[in-house]
Amino acid sequence: MGRRRRHDADGSAGRLRPDVGRLAPPLTARGGVELDDDGLHPIAEELYAVAPEEFIAARTAARDRARAAGDRGLAKAVAALPKPTTAAWVCNLLARRRPGEVDQLLELGDLFRQAQADLSADQLRALGRQRNQVVAALAREARTVARREGHDVSSAVTEQVQSTLRAAIADPDAGAALQAGRLTTALSYSGLGPVDLSGALALPLTSGPAAAERDPAGAAGAEADAGADAADQRWEEQRRREAEERREAEEQRRRELAQARQDAEDAAQVARAAAAAADSAEQQLSGAVARCDDLQVQAARLAEELRRVERRAADAAGAVQQAERRRDAAVRRSRTAAAISDRAAERARGLADGRP
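Rules used in this analysis
- Residues numbered from 1 in each chain as written.
- Predicted model: local features only at pLDDT ≥ 70, side-chain atom pairs only at ≥ 80, totals over all residues.
- Heavy atoms only, no water.
- Helix = DSSP H or I, 4+ residues; strand = E, 2+ residues; numbered from the N terminus.
- Contact = heavy atoms within 4.5 Å.
- Areas by Shrake-Rupley, 256 points an atom, 1.4 Å probe, with all protein chains shown as cover.
- Core = buried A, V, L, I, M, F, W, Y, C linked by side-chain atoms within 4.5 Å.
- Buried < 20%, exposed > 50% of the residue type's maximum accessible area, 1.4 Å probe, protein only.
- Salt bridge = Lys/Arg side-chain N within 4 Å of Asp/Glu carboxyl O.
- Axes fitted to C-alpha atoms, helices over the stretch in contact; angles between N-to-C directions.
- Parallel < 35°, antiparallel > 145°, perpendicular 65-115°, else oblique.
- Phe/Tyr/Trp six-rings, centres within 6.5 Å; stacked < 30°, edge-to-face > 60°.
- pLDDT = per-residue confidence, 0-100.
- Expected span 1.5 Å × (residues − 1).
- Left-handed = near helix turned anticlockwise from the far one by under 90°.
- Nonpolar A, V, L, I, M, F, W, Y, C, P; charged D, E, K, R; others polar.
- Polar contact = N/O pair within 3.5 Å; in protein donor to acceptor, adjacent residues only side chain to side chain.

(A) How the structure looks around the overall build of the protein. Secondary structure assignment for the protein yields 11 helices and two strands. Helices (α) and strands (β) of the protein occur, in sequence order from the N terminus, as β-β-α-α-α-α-α-α-α-α-α-α-α. Relative to all contacts within the protein whose residues are 6 or more apart in sequence, the contacts with residues 24 or more apart total 64%. Of the roughly 21,600 Å² of accessible surface on the protein, a fraction of 52% belongs to carbon and sulfur atoms.

In structure tokens:
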């Protein structure tokens, strides 16, 4: 695949990257000024590692540094570096943060192409399933890595990331572009021929591992035609398999849709039963509220009657107390009168007996 180990800017062992010195020719800025490739690559490496919202400011700063150093050609080349889309930034971030997983993805692409060359249908099916699983898992990992950088990735961007990963599996040049970490747009693969890399790279790849693998000895035109025919057959077989996979996926979707509709109908029946029970409970509640209101009215009347009876009882108790006082006074007067009567009678008896 033409990959080699390189070191990151901090000196630590880095991920596998394409041999950019071999893949990219010397660059020419606007105005025909030839640039030293090594001067632009470190700047691009730095720029395509920053967040999308920081890219313009970082590019302007890098351009100004080149101008201050007197390298106007480099300054023009830096100013021409395009801002990456969100999906491209996520892919570049993935290549930097998870280089081992990207290496495994590209190794899967090697196995896939070997199986296509061998026309191994069983192996292609197994690798196709593995490809789908790896792409889905790596896309989820890309979302996680981006979220840790403070960026939530939408479903649309995730689909573009998955498209780029599938393209990297299908085409070794696309894999080298992903691994380089300097994509400007997402990649896509039509299912036939190489991946279109035009406008997708900050630094173009005019040759690469795929070309070396396809014609390592510089074969003649007849061999190229034969290889093209074999490739066409392999792509036709792949399209047939992919069509079959799509039919199976559609059938699975129809089954899932039918099951979802049945689940929805069951849920609707449960909802209707629950609604009927709620209506019945509401009616019972209304009856209970009406009875409660009636009883409260009755309780209010009885409470008023009780208050009247209590007032009458209090009045009667007051009358009893007054009658008791009058009785006690009458008893005292009666006792006093009796005492006076007794004394008068005693005196009368004494006078009758001649007592003084």
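(B) A look at the nonpolar core. With 38 residues, the main nonpolar core has Val 90, Leu 105, Val 161, Leu 165, Leu 178, Leu 183 and Leu 187 as its most contacted residues. Contributions of two or more residues to this core are made by α5 (86-97), α6 (99-118), α7 (121-148), α8 (155-170) and α9 (172-180). Considering every element that reaches this core, the biggest residue donor is α7, with eight residues. Of all hydrophobic cores here, the second largest spans 16 residues; its members include Tyr 48, Ala 62, Leu 74 and Ala 202.

(C) Geometry of the pattern of salt bridges. The final tally for this structure, using the stated rule, is 14 salt bridges. Note that Arg 96 and Glu 45 form a salt bridge whose closest N and O atoms lie 3.7 Å from each other. In this pair, Arg 96 is assigned in helix α5 and Glu 45 in helix α2 (residues 37-47), connecting sequence segments 51 residues apart. Overall, the relative accessible area of 12% leaves Arg 96 in the buried class. Salt-bridge contacts for Arg 349 lead to Glu 346; the nearest nitrogen and oxygen are separated by 2.6 Å. Here the residue Arg 349 and the residue Glu 346 both occupy positions in helix α11 (residues 221-352), the gap between them amounting to three residues, near one helical turn. Linked through salt bridges whose partners overlap, the residues forming this network are Glu 304, Glu 305, Arg 307 and Arg 308.

(D) Just the packing of α6 against α8, in detail. Running from N to C, α6 and α8 point in directions that differ by 50°, and their axes come no closer than 7 Å. Compared by their axis directions, α6 and α8 come out oblique. Residue-level contacts link Leu 105, Leu 106, Leu 108, Gly 109 and Arg 113 of α6 to Leu 165, Ala 168, Ile 169 and Ala 170 of α8.

(E) A look at the packing of aromatic side chains. Tallied over the entire structure, the rule returns one aromatic pair. Between Tyr 48 and Phe 55, the ring centres sit 5.2 Å apart and the planes meet at 50°, which makes this aromatic pair tilted. For the pair Tyr 48 and Phe 55, one class covers both residues: buried.

(F) Region of interest: the confidence of the model for the protein. When pLDDT is averaged across the protein, the result is 79; 78% of the residues are at 70 or more. Low pLDDT, under 50, characterises residues 206-229; the stretch is placed with 21 contacts to residues that sit more than four places away or in other chains.

(G) Fine view of α7. Across its 28 residues, α7 extends 40 Å between first and last C-alpha, which sits within 8% of the 40 Å expected from 1.5 Å per residue. Of the positions making up α7, those classed as buried are Leu 124, Leu 127, Gly 128, Arg 131, Val 135, Leu 138, Ala 139, Ala 142, Val 145 and Ala 146. Two residues or fewer past α7, Gly 150 is found with a positive phi of approximately 90°.

(H) Broad picture of the packing of α5 against α8. Two elements in contact, α5 and α8, have axes separated by 9 Å at closest approach and are oriented at 55°. Put simply, α5 runs oblique to α8. Note on packing geometry: the crossing formed by α5 with α8 is right-handed. On α8, the residues touching Thr 86, Ala 87, Val 90, Cys 91 and Leu 94 of α5 are Val 157, Gln 160, Val 161, Thr 164 and Leu 165. Here the residues of the contact of α5 with α8 are counted per class, giving seven nonpolar, three polar and no charged.

(I) Here's a closer look at the side chain of Arg 98. Positionally, Arg 98 belongs in the loop between α5 and α6. Of note is the side chain of Arg 98, whose polar atom sits 2.7 Å from the side chain of Glu 141. Contacts of Arg 98, omitting those with residues within four sequence positions, involve Glu 141, Val 145 and Arg 148.

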